[in-house]
Structure formats: C-alpha cells, structure tokens
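Observations on the three-dimensional arrangement
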Amino acid sequence: MKCLFCQSKITSEVTWRTLFYPTPMSICKLCNHSLTVISGARCSRCSRRSDVPKCIDCLQWEQFPARDTLRYNYSIYQYNECMQEIITKWKYRGDYELGYIFKNAFHTHFQKMMLTAAKTHLAIPIPLSVERQVERGFNQAEMLAQFLPIPKAPYLQRVTSEKQATKTRSERMGSANPFQLRKPINKPIILVDDIYTTGTTLRHAAKVLIEHGCPEVISFTLIRS
Amino acid sequence: MAKKTSPLDPKLAQQLEGKLLLRKEIPFEDTLFDFLLEKNMLTPIPSIVKTLFRKICQRCGNRTNSRFAKIHDINRKHGAWYCRNCLMMGRIIETEPLYRWNGQPFSWQKHEAACTWKGQLTKAQAKASEMVRRFILQPESSLLVWAVCGSGKTEMLFSGIEEALRQGMRICIATPRIDVVRELLPRIQQAFSAVPIQALYGDSAEKQGTSQIIIASTHQLLRFEHAFDVIIIDEIDAFPYHKDASLAFATERALKPSGTMIYLTATPRQKQRTKMLLKQLKHVFVPTRYHGYPLPVPIMCMCFALQKNLVKGNPPRAFIQWLRLRQNQQRQLLIFLPTIALTEKIASNLSELLIHEHVIKGSAEISSVHASDPDREQKISLFREKNLFVLVTTTILERGVTFPAVDVAIIHAGHSVFDEAALVQIAGRAGRSADDPTGEVVFFHDGKTNAMSRAVRSIKKMNRIGRWL
Ligand SMILES: [Zn+2]
Ligand SMILES: [Zn+2]
C-alpha cells in the first residue's frame with residue numbers, strides 16, 4: 001500500500017490489535033500525524049476548541065434565533081497546514097481519491113459521537129451548484145456522506161453559485177439563502193459538509209429545511225476551521 | 001473553405017500547434033472553439049486510452065494502474081477514470097478529451113543573424129559551440145555536452161540557436177529547476193534581443209507558450225507534442241527522470257521526429273560516462289572554465305562530534321577556525337546543510353557566531369533558503385546583489401544559480417544527500433568570476449565518504465585535462 005497523499009510506502013506496524021483486526025491504512029503514519037483531531041474541551045455548539053461551553057461566535061448566533069437554525073455541529077479535525085494541502089488537492093485540483101483518507105475517521109467518529117442521531121436522522125450533503133459540480137466532477141460533501149451508515153436524502157439544491165472564499169464574515173452572514181428544497185422532509189436531518197467555517201452555509205441549508213417542516217437539523221463536518 | 005485563408009489562421013496555428021490541451025487550457029470562446037472543431041482544425045483525442053489490462057494517460061504516458069483513480073459521482077451512472085500522475089498540470093479525466101491542432105501548420109520566422117551577443121568564446125567553448133551547431137543542422141540527432149561548472153555553457157549554445165533560427169526552427173530549453181528558468185530568461189533574451197522568448201513554469205505569468213524560443217521547466221513539456229525542432233536539456237543528470245518516468249516521456253514527445261536533442265551536464269552519471277568512453281554516445285567535453293583558471297579543489301575537514309553538535313544547533317569548531325583563516329574575508333559565504341530541519345536549527349546560532357566573529361555586522365546580513373521557501377527567489381537575488389553576506393541553504397542551490405565571488409562550506413558533507421554529483425556541483429559554485437577566479441570550498445564531515453573522495457578526484461582530473469588544452 002502507498003500513502004494516498006505523499007506516495008510513500010505504508011509500513012503498518014504490527015501490534016496485537018492490527019494482527020487480529022487489520023484495518024487498511026490509506027495514509028502513512030507521518031501524514032496521519034500531521035492531521036490534528038480536535039480533542040479536549042470544545043464548544044458544545046460548533047465543535048471549536050474552547051474552554052467555555054459556548055464560544056463567542058455561537059453566543060453571537062444565539063442573538064438571532066431566526067438565523068440560528070442549526071442545533072449543533074460536530075467536527076473531527078482542526079484545520080492546519082497539512083489539512084489545507086489535502087483539501088486543496090482533493091477539492092480544487094479534483095483528486096477524488098484523496099477523500100478516502102477520511103473514510104475510516106468519518107465513519108468511526110460518526111458511530112461514536114452521533115450514536116443516537118444515527119438511529120433517527122437522515123443525511124443530506126451540502127450540494128454544489130450545477131456549474132461547480134460539472135467543473136469538479138464530484139461533490140466532496142456527497143463523498144463524505146457516502147461514508148456514513150445512514151440513509152441519505154439528497155433533496156437540497158443550490159440555486160446560486162458559491163463564492164464564499166472572497167466574502168468577509170459579515171457579508172457571508174447577511175447574504176441571501178442559496179438553497180432550495182426539492183421535496184419537504186419531516187424527519188430530523190444531519191447535514192454533511194467538509195468544513196465548518198462561520199457556519200453560515202450550514203445554517204442557510206438548515207433554515208430551508210426547517211421552513212419545510214423538518215423537526216431538527218444538526219451537522220457533521222470533517223473540519224472545524 | 002474560404003475561412004481557411006482568413007488572417008486569423010496563422011495566429012491560431014501558432015497558439016495551438018504542437019500541443020495537447022484540455023478545453024480549459026484553450027482560451028477561446030465557445031463559438032470559435034466549436035467552429036474549429038466543426039472545421040476539423042481541432043481534433044479531440046481520448047485523454048485516457050483503455051486497453052484490456054491497463055489504462056494509458058495520453059498526456060503524461062502514465063500506465064501504472066495504481067496511478068489512476070475513479071470518480072464515483074452520484075449524478076453519473078458509471079465512474080470516470082482520471083490520472084493521478086499528472087494532476088498538478090490540471091486533471092486529465094476520461095470524460096474530457098485532449099485537443100490537437102489539425103489545421104495549417106505554422107511557419108516560424110527565419111532570422112538571418114539573430115544573435116546579439118558579442119562576446120568571445122574560449123577555444124574549448126568554440127569547439128563545443130561548433131559541435132552543437134552541426135548537430136542542430138543534422139536531423140534526428142542527439143549530442144551530450146559535458147562542460148564543467150563555470151565553463152560558460154549558455155554561451156556555447158548561442159551559435160547553435162542562431163543557426164536554428166536561421167532555419168526557422170522552434171527551440172526549447174528545458175531544465176528541472178525553476179530558479180534556472182528564471183535566471184536563463186534574461187540571458188537568452190539579451191543574446192537574441194529581437195526574438196520573442198517566453199518562460200514557462202508552474203506559476204509563470206505566461207501560460208500559453210507561443211514564442212519561437214521557450215524556456216521551460218520540465219513538467220511544462222507535458223503539454224507539448226512534436227512542437228520543437230531543437231530541445232536543449234540543461235542539467236540532464238539532475239533531471240528527476242528516475243523519480244518520474246513521465247518527464248522522459250514528455251521530453252521525447254515534445255521533440256519533432258526530425259529534431260535534435262542536446263543534453264548538457266557538468267556531472268554526468270556513471271552510466272553516461274561509460275557510454276561516452278565506449279564512444280556509443282556523441283559528446284563533446286569542455287574541461288576548462290571560461291576564465292581559464294582551474295576548478296577550486298575542495299578541502300576535507302574532519303570534525304569530531306559533528307552530529308552531536310548539530311543536534312544541539314551548534315556549528316562545528318573546525319568551521320569557526322576556518323572562518324578566521326579564510327584567505328579573502330571579503331568573499332560572501334554560501335553554507336550548505338543537508339536538511340531543512342538542520343538549516344532551521346542551526347540558523348540562529350550561526351548568526352550569533354558570525355556576528356561574534358565579525359564576519360557580519362548584524363542578523364540582517366544572513367538568511368536561509370530551502371525548496372518550499374516562498375521568499376526564495378527574493379533571497380537569492382539579495383545575495384547576488386550582495387545585500388546579504390551569508391546564505392545558508394539546502395541542496396536547492398547546488399546547481400544552476402551563479403554568484404560571482406563566494407566561499408563555500410558544506411556542513412555534514414558525509415550526509416547521503418551529498419552524492420558525488422551534488423558535491424562537484426556545489427564546489428563549482430566557487431570562483432565563478434574572472435575578477436576573483438579562486439574560492440575556497442570546504443567539506444566539513446565526521447568521516448570521509450566515497451562520494452567525497454570521488455568528487456575531489458574527479459575535480460582534480462578535470463583540472464589535469466584542462467591544463468593540456
Ligand atoms: Zn462555538
Ligand atoms: Zn497523466
């Protein structure tokens with residue numbers, strides 16, 4: 001096996017556990033070591049590392065209950081330089097295969113942290129606009145959703161294009177809702193995306209869902225930046 | 001049919017001929033693009049060819065199954081294969097074809113006497129220069145020029161390039177190092193001031209490559225097919241051929257079948273040397289520097305507890321002693337270290353030491369560079385303009401880049417990154433200028449390696465041969 005990211009050969013170390021239960025490794029130890037899993041105290045609403053139960057950003061969201069449509073977000077990794085490199089290659093250069101780096105972690109963290117929700121909720125990946133989807137050939141959020149062991153409900157669609165990267169935080173928070181729902185859903189939903197930055201995109205999606213009768217929306221994301 | 005003679009055509013041919021491009025690499029609007037397709041002036045070809053057992057990427061030649069992957073998009077019934085090998089050049093996916101120019105061929109301009117360089121070649125240079133010119137006139141040929149560091153090999157190319165331009169040929173100079181592309185562009189442009197020249201590399205402003213002379217980093221050749229009459233490959237021994245077979249594939253394909261390949265090297269690999277000895281490969285040898293002085297012979301300097309000191313971030317004691325005894329204290333210092341980690345570890349202590357030894361006045365006169373340093377270009381030019389007195393570097397500055405008067409120290413020269421070729425190249429950084437043709441080169445080590453002995457032996461040998469010319 002070769003590391004999906006750096007191409008170096010993976011030599012899996014032999015322990016009793018790997019001997020009895022070999023899990024295939026998709027990246028090498030060094031690359032894996034460069035990724036930071038969020039650990040310790042975190043904000044209960046957005047998963048950011050935090051010593052207080054709710055971070056400033058989340059308290060700010062709570063000032064606007066009409067917009068604060070997402071009950072909580074759970075993220076696995078913290079954003080760092082190595083993660084940024086992987087994401088750039090995966091999403092922007094279109095190296096689909098790199099998504100498999102996260103397959104194991106995405107699945108196991110979900111099983112551990114979303115145990116109760118997993119029984120009742122459906123998963124909806126955050127969609128891309130049609131142009132963007134054609135350009136990239138795939139949607140990274142859809143790929144991540146495929147790793148989850150629950151039914152998917154891909155009824156959300158994006159009507160205006162995504163140009164988030166160039167906007168400031170306040171612009172993003174106040175912008176018009178880019179999502180539409182093709183079919184109303186009355187089940188609780190887990191939104192799936194690669195990254196939680198300000199939480200605006202996820203809340204836009206959640207708002208549309210709730211307006212159409214969805215009882216609860218939470219999100220499960222790979223990275224909290 | 002009338003369209004075929006429209007004044008638009010030559011420009012299109014100039015832009016598109018000799019290339020294999022993705023739709024997004026062709027900067028035309030859909031109307032023009034569709035028109036060209038319809039008129040069969042652009043032909044789509046499959047980007048990934050599939051046979052029973054394997055796939056072949058038509059851009060990079062990759063045929064290793066594990067270097068392909070499949071995109072499973074829920075909107076598409078079947079997955080689509082893409083090439084992971086040449087992804088950094090823009091993704092090749094089987095659903096998007098490559099396009100090849102199929103219209104009128106472009107005739108490049110014939111330049112009667114294009115060379116504006118008025119310098120004088122040495123005898124050894126002149127001999128090599130004439131060989132290069134003869135080989136360029138001879139179709140389907142290849143020549144290796146073995147020229148020691150500082151022999152002035154760029155100047156040896158001018159006569160050949162001038163001849164090629166006289167014939168209306170298209171020329172590419174390819175090198176594995178982006179620093180070298182940047183350094184060559186102004187020199188070649190100055191020597192052929194009336195000929196359009198472009199530089200192509202990963203993030204060059206120029207993307208298209210439409211000029212008669214192109215200076216390119218190796219990867220850029222992946223977009224070309226039968227484009228050049230002459231390809232000159234600089235530093236053939238440094239080509240990451242062994243790491244990436246697609247680069248060899250790309251250089252071969254970029255040359256027209258009738259073209260000439262010129263290889264340049266200062267440090268041929270053993271295999272190439274054997275071939276030359278057996279006269280299997282046509283070659284020309286330039287053993288002397290352009291200023292006529294011999295190559296500086298490295299001094300080996302044993303350092304006890306070298307690695308122990310380095311782990312603590314301390315430069316070896318022997319290095320300090322050498323600093324005090326340098327013959328010419330005015331010379332700038334180029335210090336090589338084997339790894340980035342070590343470079344960073346030692347930088348601050350080194351700076352303090354050099355201030356203490358009065359080599360520099362303050363920490364602003366010293367800096368360090370490595371391959372992924374974003375300010376690398378700027379630091380190199382600061383050093384060249386003598387705004388920096390000391391530059392600490394990994395092997396990225398081992399070749400190509402020229403500084404007029406430096407002393408060179410390799411700390412931990414026994415490390416495996418310093419193979420024979422690297423050591424000869426590094427030694428070749430010293431004594432480049434006619435005003436200061438000597439320079440000191442010291443290998444600080446904790447145990448002499450074969451590479452070190454062989455490097456010294458080969459430098460001495462070239463000096464010996466050079467004396468007879
Ligand atoms: Zn929070
Ligand atoms: Zn390829």
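Residues numbered from 1 in each chain as written. Chains lettered and ligands numbered in written order. Predicted model: local features only at pLDDT ≥ 70, side-chain atom pairs only at ≥ 80, totals over all residues. Heavy atoms only, no water.

Turning to the overall build of chain A, a few remarks are in order. The helix and strand inventory of chain A stands at 10 helices and 7 strands. Out of the 225 residues in chain A, the part that is buried amounts to 48%. For chain A, the exposed area adds up to about 11,700 Å²; of that, 56% sits on carbon and sulfur atoms. (Helix = DSSP H or I, 4+ residues; strand = E, 2+ residues; numbered from the N terminus. Buried < 20%, exposed > 50% of the residue type's maximum accessible area, 1.4 Å probe, protein only. Areas by Shrake-Rupley, 256 points an atom, 1.4 Å probe, with all protein chains shown as cover.)

A word on the coordination of the zinc ion (ligand 1). All names here are of chain A. Taken together, the protein ligands of the zinc ion (ligand 1) are Cys43 (SG), Cys46 (SG), Cys55 (SG) and Cys58 (SG), with distances of 2.1 to 2.4 Å. One can describe the site at the zinc ion (ligand 1) as tetrahedral: its 4 donor atoms subtend angles covering 104 to 118° at the metal. Sequence positions of the residues that donate to the zinc ion (ligand 1) give the spacing C-x2-C-x8-C-x2-C. Of this pair, cysteine 43 sits in the loop between strand 1 (36-37) and helix 3 (56-62) while cysteine 58 sits in helix 3, placing them 15 residues apart in sequence. Using a relative accessible area of 1% as the deciding quantity, one classes cysteine 58 as buried. (Donors = N, O, S within 2.8 Å, 3.2 Å for Na, K, Ca; no water. Tetrahedral: all angles 85-135°; square planar, octahedral: opposite > 155°, others 65-115°.)

Each partner contributes residues to the interface: chain B has 14 residues there, and chain A has 18 residues. Of the roughly 1,300 Å² buried between chain B and chain A, counting both surfaces, carbon and sulfur atoms make up 40%. Of all residues in chain B, Arg84, Leu87 and Arg91 of chain B bury the most surface against chain A, accounting for 38% of the area lost on that side. There are 1 salt bridge connecting chain B and chain A. (Contact = heavy atoms within 4.5 Å. Buried area = accessible area lost by both parts, 1.4 Å probe. Salt bridge = Lys/Arg side-chain N within 4 Å of Asp/Glu carboxyl O.)

Here the focus is the domain arrangement of chain A. All names here are of chain A. As assigned here, chain A comprises domain 1 (1-34) and domain 2 (36-224). Facing the 7 residues of domain 1 at the interface are 11 residues of domain 2. Broken down residue by residue, the surface that domain 1 buries against domain 2 is led by Leu4, Phe5 and Ser34, which jointly contribute 69%. At the junction of domain 1 with domain 2, the criterion picks out 0 salt bridges. Here domain 1 and domain 2 share 1 residue pair in polar contact (both at pLDDT 80 or more) between them. (Domains from an automatic or database assignment. Polar contact = N/O pair within 3.5 Å; in protein donor to acceptor, adjacent residues only side chain to side chain.)

On to unusual backbone geometry. Phi is positive for serine 47 of chain A, close to 80°, though the residue is something other than glycine. Looking at the secondary structure, you find serine 47 of chain A in the loop between strand 1 and helix 3. Judged by its relative accessible area of 1%, serine 47 of chain A is buried. Even without being glycine, asparagine 40 of chain B reaches a positive phi, approximately 65°.

Evaluated as defined, the whole model comprises 36 salt bridges over all chains. Its salt-bridge partner being lysine 207 of chain A, residue glutamate 211 of chain A comes within 3.4 Å of it at the nearest N-O pair. Remark: lysine 207 of chain A and glutamate 211 of chain A occur in helix 10 (residues 200-211); sequence separation between them is 4 residues, near one turn of the helix. Of the residues examined, lysine 207 of chain A reaches a relative accessible area of 28% and is grouped as partly exposed. Between glutamate 183 of chain B and arginine 384 of chain B there is a salt bridge, and its shortest N-O distance comes to 2.8 Å. One end of the pair, glutamate 183 of chain B, is in helix 5 (residues 178-191); the other, arginine 384 of chain B, is in helix 11 (residues 376-384), and 201 residues separate them in sequence. What emerges from the salt-bridge pattern is a single network uniting Arg45, Lys54, Glu62, Asp68 and Arg203 of chain A.

On to the nonpolar core. Ranked by internal contacts, the top residues of the largest apolar core, which has 63 residues, are Phe228, Leu334 and Leu397 of chain B. Ranked by residues supplied to this core, first place goes to helix 13 (residues 450-467) of chain B with 6 residues. Not counting residues within four places of it along the chain, the set of residues in contact with leucine 334 of chain B comprises Phe383, Leu391, Thr393, Leu397, Phe403, Val406, Asp407, Val408, Ala409 and Arg429 of chain B. Among the nonpolar cores identified, the runner-up in size contains 45 residues, and Cys28, Ile86, Trp90 and Ala117 of chain A belong to it. (Core = buried A, V, L, I, M, F, W, Y, C linked by side-chain atoms within 4.5 Å.)

Turning our eyes to something else, we now look at the pairing of strand 12 (residues 255-265) of chain B. Residues and elements named next belong to chain B. Where strand 7 (residues 141-147) and strand 12 come together, 6 bridges link them in parallel fashion. Bridge pairing in strand 12 places valine 145 opposite leucine 264. Sheet analysis places strand 11 (residues 228-233) next to strand 12, joined by 5 bridges and oriented parallel. Across the sheet, the residue bridging to valine 230 is threonine 260, located in strand 12. (Pairing = 2+ DSSP bridges.)

Residue and element names in this part refer to chain B. With respect to topology, 7 strands assemble into an open sheet ordered 9-10-8-11-12-7-13, the strand pairing being parallel. Every interior strand has two partners, whereas the edge strands, strand 9 (197-200) and strand 13 (283-286), have only one. Across the sheet, the mean angle separating the axes of adjacent strands is 15° when strand polarity is ignored. In this sheet, strand 10 (residues 213-217) lies alongside strand 8 (residues 171-175) in parallel orientation, the contact comprising 5 bridges. Within the sheet, the bridge partner assigned to threonine 175 lies in strand 10 and is serine 217. Packing of helix 4 (residues 153-166) onto the sheet brings it into contact with strand 7, strand 8, strand 10, strand 11, strand 12 and strand 13, and relative to strand 8 it is tilted by some 155°. Docked against the sheet, helix 6 (residues 245-254) engages strand 11 and strand 12, running at close to 125° with respect to strand 12. (Axes fitted to C-alpha atoms, helices over the stretch in contact; angles between N-to-C directions.)

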